Amino acid sequence: MDRAAALRSAAMLDPVPTRFAVIADIHGNADALSAVLADIDRRGIGTVVNLGDHFSGPLAAAETAEILLARPMPSVRGNHDRYLLDQSPEQMHVSDAVAYRQLQPRHLDWLGTLPPTARLGHDILLCHATPHDDQTYWLDEVRADGTTGPRPLDGIRTLAGDTDVSLVLCGHTHLPRIVRLPGGPLIVNPGSVGLPAYDDDTPVPHVMQTGTPDASYAELTRDKNGEWQVTLHAVPYDPARMAATARAENREDWATALETGWLAV
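Residues numbered from 1 in each chain as written. Predicted model: local features only at pLDDT ≥ 70, side-chain atom pairs only at ≥ 80, totals over all residues. Heavy atoms only, no water.

**Side note on the overall build of the chain**
The condition that has to hold: Numbering of helices and strands runs from the N terminus, with a helix taken as a DSSP run of H or I at least four residues long and a strand as a DSSP run of E at least two residues long. Only the C-alpha atoms count toward the radius of gyration. The rule for a globule is 2.2 Å times the residue count to the power 0.38. Classification of residues uses two cut-offs on accessible area relative to the type maximum, computed with a 1.4 Å probe and protein chains only: under 20% is buried, over 50% is exposed, and between them is partly exposed. The contact criterion used is simple: two residues touch if any of their non-hydrogen atoms lie within 4.5 Å. Residue-level accessible areas treat just the shown protein chains as cover; the underlying method is Shrake-Rupley with a 1.4 Å probe. When charges are counted, Lys and Arg are positive and Asp and Glu negative, with His and the chain ends excluded. Lysine's charge is taken at NZ, arginine's at CZ, aspartate's at CG and glutamate's at CD.
Regarding its fold elements, the chain presents nine helices and 13 strands. Rg of the C-alpha trace for the chain: 17 Å, near the compact-globule value of 18 Å for 265 residues, within the 12% margin. For the chain, the spread of C-alpha atoms along the principal axes amounts to about 50 × 45 × 35 Å. For the chain, with 265 residues in total, the buried portion stands at 53%. Pairs at least 24 apart in sequence give 70% of the contacts found in the chain among residues at least 6 apart. For the chain, the exposed surface amounts to about 11,200 Å²; the carbon and sulfur share of it is 51%. In the chain, 21 side chains carry a positive charge and 35 a negative one; their mean positions are 6 Å apart.

What follows is the structure in structure tokens.
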């Protein structure tokens, strides 16, 4: 795909479809992505939008890239996508570095065309984490002691800022969530296609885990009154090949997460 075509795929859809699917946080899991796209096709959903973090991980980055380049969709850049573009291999976290080694220049060129945010029509915003930052948890928070949980309403509202839309689609936490801000937008996180559990050390060491190995995505349908109805889908698939790929990279943490939805069992 050339740069112009990629930019068109990330531009506004106008008019906006009354039914579409939302995916996020694939992280190089080609088998989960294939399962989700097959489920979307089976349901007859014609449009898919993609909220970023496409490749990073010890899995199948190049294979994932080929799937995505063959199926243009409105997409935004995630924080790990940005790391793949902005950091040298020596600077990268091991998960980013493995993906970088697999990717071809044309895959990175495609990644470089993606914007940090995008709009569908004039009333739907796509972002990776929050409308203004690609690496801050929005609907969930990490507390000083490393525990996690839903972010209080005032915190969600603050991070929304001056967003002037009725629907915001975000990812990053890998946890499926739906929040309707009083007097503000409906916010939907579709969960993660490819990585149901992970740990991180920012802002303090913590774990995010869904407790299921299923691949996750969201379906949105606008009713006759103009309201968006949201269905969160969990798609079972066989994670064996991806788990074996993670183990071949000495990443037992990823293998366990893919097989169980937990980091430790």
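Once the structure has been displayed, the description carries forward.
**Examining the packing of helix H2 (residues 30–42) against helix H3 (residues 61–69)**
The following threshold applies: Axes here refer to lines fitted to C-alpha atoms; in helices the fit is confined to the stretch in contact. Angles between the N-to-C directions go from 0 to 180 degrees. An angle below 35 degrees is treated as roughly parallel, one above 145 as roughly antiparallel, one from 65 to 115 as roughly perpendicular, and anything else as oblique. Classes in brief: Ala, Val, Leu, Ile, Met, Phe, Trp, Tyr, Cys and Pro nonpolar; Asp, Glu, Lys and Arg charged; the others, Gly included, polar.
Across the interface, H2 lies against H3 with an axial gap of 9 Å and an inter-helix angle of 25°. As the angle between them shows, H2 and H3 are arranged roughly parallel. Contact residues: Ala-30, Asp-31, Leu-33, Ser-34 and Leu-37 in H2; Glu-63, Thr-64, Ile-67 and Leu-68 in H3. Grouping the constituent residues of the contact of H2 with H3 by class yields five nonpolar, two polar and two charged.

**Some remarks on the sheet that holds strand E12 (residues 215–222)**
Counted only if it meets this: Whether two strands pair comes down to DSSP finding at least two bridges between them.
Strand order in the open sheet made by the four strands is E2-E1-E12-E13, with mixed pairing throughout. Each edge of the sheet is formed by a strand with only one pairing partner; in this case those strands are strand E2 (48–50) and strand E13 (228–235). Pairwise comparison of adjacent strand axes, ignoring direction, gives a mean angle of 25° for this sheet. Relative to E2, strand E1 (residues 19–23) runs parallel, the two being bridged by three bridges. Along E2, the bridge assignment pairs Ala-21 with Val-48. Sitting on the sheet, H2 is in contact with E1, E2, E12 and E13, with an inclination near 25° to E12.

**Regarding the packing of aromatic side chains**
Note the cut-off: For Phe, Tyr and Trp, where Trp contributes only its six-membered ring, two rings pair if their centres lie within 6.5 Å, and the inter-plane angle classes them as stacked under 30 degrees, edge-to-face over 60, or tilted in between.
For the coordinates displayed, the defined rule picks out two aromatic pairs. On the numbers, 5.4 Å between centres and 75° between planes, the contact of Phe-20 with Trp-228 is edge-to-face. Placement of Phe-20 in strand E1 and of Trp-228 in strand E13 is noted, with a sequence separation of 208 residues between them. In this pair, the class of Phe-20 matches that of Trp-228, namely buried. Note on Phe-55 and Trp-110: the rings are 6.0 Å apart at their centroids and 55° apart in plane angle, and the pair reads as tilted. Placement of Phe-55 in the loop between E2 and H3 and of Trp-110 in helix H6 (residues 105–112) is noted, with a sequence separation of 55 residues between them. Judged by relative accessible area, which is 0%, Phe-55 ranks as buried.

**As for the environment of Gln-104**
Here Gln-104 is to be found in the loop between helix H5 (94–102) and H6. According to the relative accessible area criterion, Gln-104 is partly exposed, its value standing at 38%. A sequence separation of 153 residues divides Gln-104 from Ala-257, and the C-alpha atoms of the two residues are 27 Å apart.

**A short note on the sheet that holds strand E3 (residues 117–120)**
Reading across the sheet, the five strands line up as E3-E4-E7-E9-E8 and stay open at both edges, with mixed pairing between neighbours. Edge positions in the sheet fall to E3 and strand E8 (177–180), since each of these pairs with one other strand and no more. Taken over all neighbouring pairs, the strand axes of this sheet differ in orientation by 20° on average, direction set aside. Across three bridges, the pairing between strand E7 (residues 167–169) and strand E9 (residues 186–189) is parallel.

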